[in-house]
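Here's the letter readout for the chains.
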Amino acid sequence: MKIQTVSTVPYQDQHPGTSGLRKKTTVFEENQHYLENFIQSNINIIKIDRSRPLVIGGDGRYYNNRAIQQTIRIALANGFTDIRVGQYGFVSTPAMSHLIRHIGASMSFIFSASHNPAGKNGDVGVKVNLSNGEPAPLEITEAAFAETLKITTYLITDTDDIDLSVCADYQFGEASVRVIDSVSDYVGLMKCQFDFDLMRNYLKDNLLCFDAMHAITGPYAKAIFVDALGVPDEYILNATPLPDFGGGHPDPSPKTAKHIYDIAQADDCSFALLAASDGDGDRNMILGKGIFINPSDSLAMIAANAEYLPHYQSHPLKGVARSLPTSRALDAVASQKGIDCYATPTGWKFFCNLLDSGRISLCGEESFGTSGNHIREKDGIWAVLCWLNILAVTGKSVAQIACEHWQTYGRHYYSRYDFEGLDTSAATALLQSLDNKSIAAFNGVSVTHSGQFTYVDPTDGSVAENQGFEVVFGEKARFIIRLSGTGTSGATLRLYLEVFDKCSDLAIPTVIEPLAQFAMQFMEIARYCDIDYPSNIV
Ligand code: G16
């Protein structure tokens, strides 16, 4: 194997967002060395023992094979001697986090743009995870970005493409490339977390439907729900990962996963639990007959029922965490349980120190992410299994669990308004203007706090500033405004809205819309961005 030093020129736009680098596929395909620059930059700044395994995989989308094959060559040239790659290139984000921890890997590259559509006209991304399975923290992503601005060469071998379709070992001098099955280890982990016998029995009389959306969770869902739990094959929808995700948008929300949402809403719905996951398998949507459980509520409900889950029986919840824009439904549960509840900036990386230090063992986000301390990523299938296990123990329906929860804790009505495709400078100007605005009250309830969110990590004192503008009206209501960090064209402003009411059966728009109108006037969205209503409501 020959190692070549290739000259390159830096790109100015390789700043990682909320979760890795994400761009239009055309950016990767049409800009020479674009991928190679980013991979080499990360390798340059992440100081690790290169004899420990490096794991490479992705969500199966278009461009994955090219990215994986090039990354193998770059890794070999940079002296990595133990490279593991998922069969077919498939490794879901949660399975990757587990694999890293399980085999003692030093780091990984996941080629995914998460829930963003795939294909030639879709998106591609690179997620970088470190040796505890966690997404690269801010200091690493910033250092990698700085490196991309000055990179002039990268190293690469002249080796051929590896056949990813069969599990096998390939030797290159001292180094090996091993194609591995990433599903079986993950299934083993799930079996340690949940009561599979109980769930299998429950599923004899109660049906489950899971939509893999032609993305990465298909093989994992088949192994867990069909092979291990006896769910009929036909109830795992869109189970084959496809390079263009079947032309779909693998975002597990009522709008983008409308097919399964509609099945749940139908009068003749025969399923006890319905769920969907996203492109790389870290997000989840939970549905019951006639009911959608918003992610903030799902997190709170799992916390409230944690005593029914084997993992939390042996390791009781010590603390929980949510991202700032996630509703305070979780706080209500934590307060009643007498455990700590942390609010972190958006982005899974901010949970990892809390998990590592043992301060929390359950966390989640409004963006359809939930997970525990078994890995250091959010985990779509794990969240579905939490619900399934709770249903199997309690014998209650999803709707019953939700209604009883709201009767006990009150209800945090919640909605997210997205303003997409905005001019970046207009959206930035809007955000900057907020600091100079004053606000007194909403519907007679005084403001108790308003300002930019600064997070000080309680474990290491690191500081993350400007993580969203929050306006709080005591326990009653709250809204948050922040810029999305996962888009690939223009800017997306997100407005997160939360209203608390003891009455649990009001219509969500009726409760939320007055606060939404108030917030949109406050932020002057029409003046700054020439738009007066969101392009998407979740
Ligand atoms: C990523 C992060 C999540 C975060 C989400 C927010 O999700 O992993 O922790 O909540 O982005 O997205 P935005 O910045 O657009 O609001 P994923 O699933 O896309 O990797």
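Structural data are supplied above this passage.
Residues numbered from 1 in each chain as written. Predicted model: local features only at pLDDT ≥ 70, side-chain atom pairs only at ≥ 80, totals over all residues. Heavy atoms only, no water.

Asks: I keep staring at the overall build of the protein and nothing clicks. Help me out?
Replies: Counting secondary structure elements, the protein contains 18 helices and 28 strands. The C-alpha radius of gyration of the protein comes to 23 Å, within 12% of the 24 Å expected for a compact globule of 538 residues. Along the three orthogonal principal directions, the C-alpha set of the protein runs to about 70 × 60 × 40 Å. Going through the 538 residues of the protein one by one, you find that 60% of them count as buried. (Helix = DSSP H or I, 4+ residues; strand = E, 2+ residues; numbered from the N terminus. Rg over C-alpha atoms; globule rule 2.2 N^0.38 Å. Buried < 20%, exposed > 50% of the residue type's maximum accessible area, 1.4 Å probe, protein only.)

Asks: How should I be thinking about the site of the ligand in this particular structure?
Replies: The ligand sits among 20 residues. The nearest are Glu365, Ser367, Ser484, Thr486 and Arg494. A distance of 2.9 Å separates an oxygen atom of the ligand from a polar backbone atom of tryptophan 348. Calculation on the ligand without its partners gives an accessible area of 470 Å², and the protein chains cover 99% of this total. Residue composition of the shell around the ligand, grouped by class: two nonpolar, 10 polar and eight charged. (Near = heavy atom within 4 Å. Polar contact = N/O pair within 3.5 Å; in protein donor to acceptor, adjacent residues only side chain to side chain. Areas by Shrake-Rupley, 256 points an atom, 1.4 Å probe, with all protein chains shown as cover. Nonpolar A, V, L, I, M, F, W, Y, C, P; charged D, E, K, R; others polar.)

Asks: Can you walk me through the side chain of aspartate 280 in this structure?
Replies: Within the secondary structure, aspartate 280 sits in the loop between strand E12 (271-277) and strand E13 (284-288). Residue aspartate 280 is classed as buried on the basis of its relative accessible area of 0%. A distance of 2.5 Å separates the side chain of aspartate 280 from the side chain of threonine 93, its partner in a polar contact. Polar contacts involving the side chain of aspartate 280 include one to the side chain of serine 114, which spans 3.4 Å. Setting aside its immediate chain neighbours within four residues, aspartate 280 contacts Asp59, Ser92, Thr93, Pro94, Ser112, Ser114, Lys127 and Ile216. (Contact = heavy atoms within 4.5 Å.)

Asks: Would you mind showing me how to read helix H5 (residues 138-148) here?
Replies: Counting along an α-helix, one turn takes 3.6 residues, and residues three or four places apart therefore face a common direction. Along H5, the positions that sit buried rather than exposed are Ile140, Thr141, Ala144, Phe145, Glu147 and Thr148. The buried residues of H5 occupy an angular sector of 160 degrees when projected down its axis, which confines them to one face. Those residues of H5 that are buried are in contact with helix H2 (34-45) and strand E6 (123-130). (Arc of directions from axis to C-beta.)

Asks: I tried to follow the sheet that holds strand E14 (residues 291-293) on my own but got confused; where do I start?
Replies: The pairing of strands in a sheet comes from backbone hydrogen bonds and takes either a parallel or an antiparallel form. The strand order across the open sheet formed by five strands is E11-E10-E12-E13-E14, and the pairing between neighbours is mixed. In this open sheet, the two edge strands, each paired with only one partner strand, are strand E11 (236-237) and E14. Here four bridges tie E12 to E13, and the two strands are oriented antiparallel to one another. The residue bridging alanine 276 from the neighbouring strand is methionine 285, located in E13. Where helix H14 (residues 380-394) meets the sheet, its contacts fall on strand E10 (207-211), E12, E13 and E14, and the angle it forms with E12 comes to roughly 170 degrees. Strand contacts of helix H15 (residues 398-409): E12, E13 and E14, with the helix running at about 60 degrees to E14, the strand carrying the most contacts. (Pairing = 2+ DSSP bridges. Axes fitted to C-alpha atoms, helices over the stretch in contact; angles between N-to-C directions.)

Asks: Explain the sheet that holds strand E26 (residues 477-483) here, please?
Replies: Reading across the sheet, the six strands line up as E22-E25-E26-E27-E19-E28 and stay open at both edges, with antiparallel pairing between neighbours. Bordering the open sheet on either side are strand E22 (449-452) and strand E28 (536-537), each of which pairs with just one other strand. Bridging between E26 and strand E27 (residues 491-501) involves seven bridges; their strand directions are antiparallel. Paired with arginine 478 across the bridge in E27 is glutamate 498. Where helix H16 (residues 424-433) meets the sheet, it contacts strand E19 (411-422), E22, E26 and E27, and its direction lies at approximately 40 degrees from that of E27.

Asks: How should I be thinking about empty space enclosed by the protein in this particular structure?
Replies: Empty space among the atoms becomes apparent when a probe as large as a water molecule is rolled across them. Counted according to the given criterion, the structure contains one cavity of 30 Å³ or more. Approximately 30 Å³ is the volume attributed to the largest cavity. Residue lining of the largest cavity: Ser92, Pro94, Tyr186, Thr217, Tyr220, Gly281, Asp379 and Ile381, and that is the complete set. Residues of the lining of the largest cavity, tallied by class, amount to four nonpolar, three polar and one charged. (1 Å grid on protein atoms, 1.4 Å probe; cavity = no way out; pocket = protein on both sides within 12 Å on 5 of 7 lines; lining within 4 Å. Points joined across faces, edges and corners; volume = space filled by probe spheres on them.)

These results come straight from atomic positions and should not be treated as a statement about function.
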